[in-house]
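# Observations on the model geometry
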Amino acid sequence: QVQLVESGGGLVQPGGSLRLSCAASGSIFKIYVMGWYRQAPGKQREFVASIISDRSTTYADSVKGRFTISRDNAKNTVYLQMNSLKPEDTAVYYCNANIQQVPVGPSYPYWGQGTQVTISS
């Protein structure tokens, strides 16, 4: 079984920073894409950022220049450094990873339980 556990959410004032972490554990052979999504109240879950195994990154337009995604393959962990936070960044942030559990087999997407990020003065 595979688990993704997020941490680092909280309450911060506009203009502040937070760093989210997501660690994957369990039966893991290889992790391909790792990413972050978010869901604000009353809205659909939306893509925030992703990073693939060769460290190539993609960002939503709304966070470009403010958020930075990175990963530590040795720790099976992905990070999201969030700077210049705005009230509209308030949401539950979910970690996602595409994981292959055995050498010969498919990969599947896994989700974390989510961590609340609130931007408010």
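Higher on the page you've got the structure.
So, how was this worked out
- Residues numbered from 1 in each chain as written.
- Predicted model: local features only at pLDDT ≥ 70, side-chain atom pairs only at ≥ 80, totals over all residues.
- Heavy atoms only, no water.
- Core = buried A, V, L, I, M, F, W, Y, C linked by side-chain atoms within 4.5 Å.
- Buried < 20%, exposed > 50% of the residue type's maximum accessible area, 1.4 Å probe, protein only.
- Helix = DSSP H or I, 4+ residues; strand = E, 2+ residues; numbered from the N terminus.
- Contact = heavy atoms within 4.5 Å.
- Pairing = 2+ DSSP bridges.

## Some details on the nonpolar core
W36, L80, M82 and Y93 are the most contacted members of the largest nonpolar core, which totals 31 residues. Contributing elements (two or more residues each) for this core: β1 (2-7), β3 (18-26), β4 (30-39), β5 (46-51), β7 (67-72), β8 (77-82), β9 (91-100) and β11 (115-119). Per element, the largest residue contribution to this core is 5 residues, and it comes from β9. What L80 contacts, discounting residues up to four positions off in sequence, is L18, R19, L20, W36, V48, A49, F67, T68, I69 and Y93.

## Digging into the pairing of β4
Direction of pairing for β4 relative to β9: antiparallel, over a ladder of 8 bridges. By the bridge assignment, Y37 is partnered in β9 with Y94. Pairing analysis gives 5 bridges linking β4 to β5, with the strands arranged antiparallel. Within the sheet, the bridge partner assigned to G35 lies in β5 and is S50.

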